[in-house]
Amino acid sequence: MRTWKVWEQRLVKGISFLAAYSVIFILLFLLFVVFSKGLKALSWGTVFSLPKGGYYFGGEGGILNAIVGSFYLSVGATVLAVIIGVPAALFINVQLIRLKRTQNTIRYLLDALWGIPSIVYGAFGFALMLLLGLHASLLAGIITVALLITPILVRAFDEVLKTIPVELQEASFSLGSTKTETALRVIFKQGLAGFITALLLAFGRGIGDAASVLFTAGYTDNIPVTLDEPVATLPLSIFFQLSSPIEEVRERAYAAAVVLTFFILLISVSARFLSKRYAKNIIK
Amino acid sequence: MITYPVFSYQKAKKPQRMVNHQEKQTPIIEVKGLNVRTREGEILKNINLQIPRNKIVVLLGPSGCGKTTLLKSLNRLTDLHKELQVSGEVLIDGVDILKVSRDLPIMRQKMGLLSQRPFPLPVSIYRNVAYGLKLKGIRSKDLIAHSVESNLKRVGLWDEVKNRLNSPANSLSIGQQQRLCLARGLAVKPAIILADEPTSALDPISTKIIENLFKELKEHYTIILVTHVLRQAVRLADHVVFMYYGDIIEQGHPDDILKRPQTEVLKKYLVDGN
């Protein structure tokens, strides 16, 4: 009996070890493939110049249009998602406090929205675009990506708000704070680390998604100056270049993937750094 | 210009304001016909209570009898719990807190709060004590610094934290955090201290420090203390209120309540509690 327990323990430990390290291995392997193929084609020119004539057939130029475009689109979408997401999260946690069933239904719906594939958001964004009389543009892309990341942001903010103890609000009120002062000086500070993490993760999701902007953002070799112009994004740049029959262009796709991976890793590290920095005052 | 009475540690031993004999006789809090209910049922049933000035009033009773709800009704923290329906009157120095709207923050500043577990604000030690002062509109850095120092000295925390005032409040031990919360409450110069089992999470040494502080503070403040510890009630109480299932069963001097209980339910509670 005792021997069996020892073996059982070893088996569980072995499976856990294998599972954990296989995840790390897959990540490292992915980074190895992307970087080994992409670094060859990566240069200052790739990052800091716009595509010139015949770029997608092996001509000169770079992917600055896609880098800046992705940045514009993700920032715009994140701002829009915050404008919708923060009041929504507050509404769930403050106004619906007595209606637990409604609260849970909304949370369930948001979780379901989180799980919908981004191509569906793309198709919905396209339909919405036609309905509003827009054409493929930065604005249409921002709206579609905002639709994609808003449920993520609302649920993340919601989870942060749920963890803030009611006693902390009581402490603030008992010192003579108004609701606004409590929200800004206490709740916001207590949740800041979580809010920043949620924001950066939503931004990361927005910058890395190709399917949702496939029909709505269009594509251009220029950097858009107005919201009405089409915009290039890194995921679409990778997609278009990788579909090319020319080897050199496919290598450039991996260079764009290196840039995108770098941004995602930078966002992830920043989220970790900032959340740690702002978490030092958190009351647990 | 807002004038703020400065007090040092030594000065704090003197009364903060002159209270005439007649005022001393009148209760600082009067609860009339207070009912608190949820959809499920009643938590407080027609509570009528007078809290005398500058005394330690202990609310005693088994878990779930409504002590904390009564305490939270006094400074209207029941507003945070939307499921609670409150009716009746809670007169603080003659003003019904249940009826005020715009002046609620000012009314709440009259009552410092100590909860079961200390909840310092998510800022530094210094800013915790300064928080209430800034809410009062005090902008003078010198005045704030002076008040922070004197209140931290008052709760015996100054020597332990004077070299790390900018450290996060959560870096303190639980006992130190509770004293910080007391200093934070005292800084806004309340008349009443509401203490909801403030020593339940503390070690015996920290408990003793808080109890001794209460004994000193009652000279200038009215303290309403919720506790489960009968010995603590014996040590501190000037007036005991025994509650059971949302009702006040008995109240009076600790000797009468704790040594000569009149009701069976209190007798049983005291036997089980001991």
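Residues numbered from 1 in each chain as written. Chains lettered and ligands numbered in written order. Predicted model: local features only at pLDDT ≥ 70, side-chain atom pairs only at ≥ 80, totals over all residues.

Peer 1: I would appreciate a short explanation of the overall build of chain A in the present structure.
Peer 2: Secondary structure assignment for chain A yields 10 helices and 0 strands. Listed by position from the N terminus, the elements making up chain A come as α-α-α-α-α-α-α-α-α-α. Principal-axis analysis of the C-alpha atoms places the extent of chain A at approximately 65 × 65 × 35 Å. With 284 residues in all, chain A has 38% of them scored as buried. Relative to all contacts within chain A whose residues are 6 or more apart in sequence, the contacts with residues 24 or more apart total 74%. (Helix = DSSP H or I, 4+ residues; strand = E, 2+ residues; numbered from the N terminus. Buried ≥ 20, exposed ≤ 12 C-beta atoms within 10 Å, placed from the backbone. Contact = placed C-beta atoms within 7 Å.)

Peer 1: Sorry, what's going on with the UniProt feature "transmembrane region" (unreviewed entry) in chain A here?
Peer 2: Residue and element names in this part refer to chain A. Here the UniProt-annotated "transmembrane region" (unreviewed entry) positions come out as residues 12–35, 71–96, 108–132, 138–157, 186–204 and 253–274. Helix makes up 96% of residues 71–96 and strand 0%. Its end C-alpha atoms lie 35 Å apart. For the annotated span residues 138–157, helix accounts for 100% and strand for 0% of the residues, and the straight-line distance between the end C-alpha atoms is 26 Å. (UniProt positions renumbered as here; feature names shortened; annotations may be inferred.)

Peer 1: Teacher, can you tell me more about the domain arrangement of chain A here?
Peer 2: Accessible area lost upon the coming together of the parts serves often as the stated size of an interface. Residue and element names in this part refer to chain A. Domain boundaries in chain A define domain 1 (2–38) and domain 2 (46–281). In this structure, domain 1 and domain 2 have C-alpha centres spaced 31 Å apart. The partner domain 2 presents 6 residues to the 5 residues of domain 1 that form the contact. Each residue belonging to the side of domain 1 that touches domain 2 can be placed in one class, and the counts come to 3 nonpolar, 1 polar and 1 charged. (Domains from an automatic or database assignment. Nonpolar A, V, L, I, M, F, W, Y, C, P; charged D, E, K, R; others polar.)

Peer 1: Would you mind going over the pairing of strand S6 (residues 111–114) of chain B with me for this structure?
Peer 2: Look at any regular strand and the pattern is simple: side chains alternate between the two faces of the sheet. Residue and element names in this part refer to chain B. The alternating pattern of S6 places Met111 and Leu113 and Gly112 and Leu114 on opposite faces, both of which are buried. Relative to strand S7 (residues 192–196), S6 is paired through 4 bridges, and the arrangement is parallel. Opposite Leu113, over in S7, you have Leu194 as the bridge partner. (Pairing = 2+ DSSP bridges.)

Peer 1: How should the packing of helix H7 (residues 174–187) of chain B against helix H8 (residues 204–217) of chain B be read in this particular structure?
Peer 2: To characterise two packed helices, one gives the angle between the axes of the helices and the distance between these axes. All names here are of chain B. Orientation of H7 relative to H8, taken along the N-to-C sense of each, is 20°, at an axis distance of 9 Å. Here H8 runs roughly parallel to H7, going by the angle between their axes. Along this stretch, H7 crosses H8, giving a crossing that reads as right-handed. The residues of H8 that touch H7, namely those facing Gly175, Gln178, Arg179 and Leu182, are Ser206, Ile209, Ile210 and Leu213. (Axes fitted to C-alpha atoms, helices over the stretch in contact; angles between N-to-C directions. Parallel < 35°, antiparallel > 145°, perpendicular 65-115°, else oblique. Left-handed = near helix turned anticlockwise from the far one by under 90°.)

Peer 1: Whenever I open this one, the sheet that holds strand S2 (residues 42–51) of chain B confuses me. Can you help?
Peer 2: Sheets are built from strands that pair by backbone hydrogen bonding, the pairs being arranged parallel or antiparallel. All names here are of chain B. With antiparallel pairing, 4 strands are arranged side by side in an open sheet as S2-S1-S4-S5. Of all the strands in the sheet, the pair left with one neighbour each is S2 and strand S5 (95–96). Two strands pair when backbone bridges link them, and strand S1 (residues 29–37) and S2 are joined in this way by 6 bridges, in the antiparallel orientation. Each bridged residue has a counterpart across the sheet, and for Ile29 the counterpart in S2 is Ile51.

Peer 1: When you look at the interface of chain B and chain A in this model, what are you seeing that I'm missing?
Peer 2: Between chain B and chain A, the residue contacts involve 26 residues of the former and 25 residues of the latter. Broken down by secondary-structure element, the contributors of at least two residues to the side of chain B that touches chain A are helix H3 (104–108), S6 and helix H4 (125–135) of chain B. A breakdown of the residues in the side of chain B that touches chain A according to their chemical character gives 15 nonpolar, 6 polar and 5 charged.

Peer 1: Looking at this structure, how should I read the UniProt feature "domain: ABC transporter" (unreviewed entry) in chain B?
Peer 2: Here the UniProt feature "domain: ABC transporter" (unreviewed entry) sits at residues 29–270 of chain B. When the span residues 29–270 of chain B is considered, its composition is 37% helix and 25% strand, and the gap between its end C-alpha atoms is 27 Å.

Peer 1: How should the confidence of the model for chain B be read in this particular structure?
Peer 2: Reading fine detail from the predicted coordinates is not recommended where pLDDT is low. Residues and elements named next belong to chain B. Here chain B shows a mean pLDDT of 88. Residues at 70 or above account for 90%. Every residue in residues 1–19 scores below 50 in pLDDT, and together they form 18 contacts with partners more than four places removed in sequence or on other chains. For this predicted complex, the interface score ipTM comes out at 0.85, alongside a pTM of 0.77. (pLDDT = per-residue confidence, 0-100.)

Peer 1: I would appreciate a short explanation of the packing of helix H8 (residues 179–208) of chain A against helix H10 (residues 247–278) of chain A in the present structure.
Peer 2: All names here are of chain A. For the pair H8 and H10, the least separation of the axes is 8 Å and the interaxial angle reads 175°. With respect to their mutual orientation, H8 and H10 come out roughly antiparallel. Mapping the contact onto sequence places Leu192, Ala193, Ile196, Thr197, Leu200, Leu201, Phe203, Gly204, Ile207 and Gly208 in H8 and Leu260, Phe263, Ile264, Ile267, Ser268, Ser270, Ala271, Leu274, Ser275 and Tyr278 in H10.

Peer 1: Sorry, what's going on with the sheet that holds S7 of chain B here?
Peer 2: Residues and elements named next belong to chain B. With mixed pairing, the 6 strands of this open sheet are ordered in space as S6-S7-S8-S3-S9-S10. Strand pairing shows two members of the sheet lacking a second neighbour, S6 and strand S10 (247–252), which therefore form its edges. Direction aside, neighbouring strands of the sheet carry axes that sit 15° apart on average. Looking at chain direction, strand S3 (residues 56–60) and strand S8 (residues 222–226) are connected through 4 bridges and run parallel.

Peer 1: How should the environment of Lys189 of chain A be read in this particular structure?
Peer 2: Among the secondary structure elements, Lys189 of chain A is positioned in helix H8. Its 18 C-beta neighbours within 10 Å are what place Lys189 of chain A among the partly exposed residues. Along the sequence, Lys189 of chain A and Leu42 of chain A sit 147 residues apart, while their C-alpha atoms lie 41 Å from each other. Discounting chain neighbours no more than four positions away, the residues touching Lys189 of chain A are Asn281 of chain A together with Pro122 and Val123 of chain B.

Peer 1: Quick question: what am I supposed to make of helix H7 (residues 166–174) of chain A here?
Peer 2: One turn of an α-helix holds 3.6 residues; hence residues three or four places apart share an orientation. Across the 9 residues of H7 of chain A, 7 count as buried, placing the element largely inside the fold. What H7 of chain A keeps buried is the set Leu168, Gln169, Glu170, Ala171, Ser172, Phe173 and Ser174 of chain A. At its buried positions, H7 of chain A is contacted by H8 of chain A together with H3 and S6 of chain B. One or two residues past the end of H7 of chain A sits Gly176 of chain A, with phi positive at roughly 105°.

Peer 1: When you look at unusual backbone geometry in this model, what are you seeing that I'm missing?
Peer 2: When glycine is set aside, most residues are seen to have a negative phi, and most peptide bonds are trans. All names here are of chain B. One non-glycine residue, Asp93, lies in the positive phi region at around 50°. Within the secondary structure, Asp93 sits in the loop between strand S4 (85–92) and S5. By the C-beta count within 10 Å, which is 16 here, Asp93 ends up partly exposed. At Glu197, a residue that is not glycine, the phi angle is positive and equals roughly 45°. Mapped onto the fold, Glu197 is located in the loop between S7 and H8.

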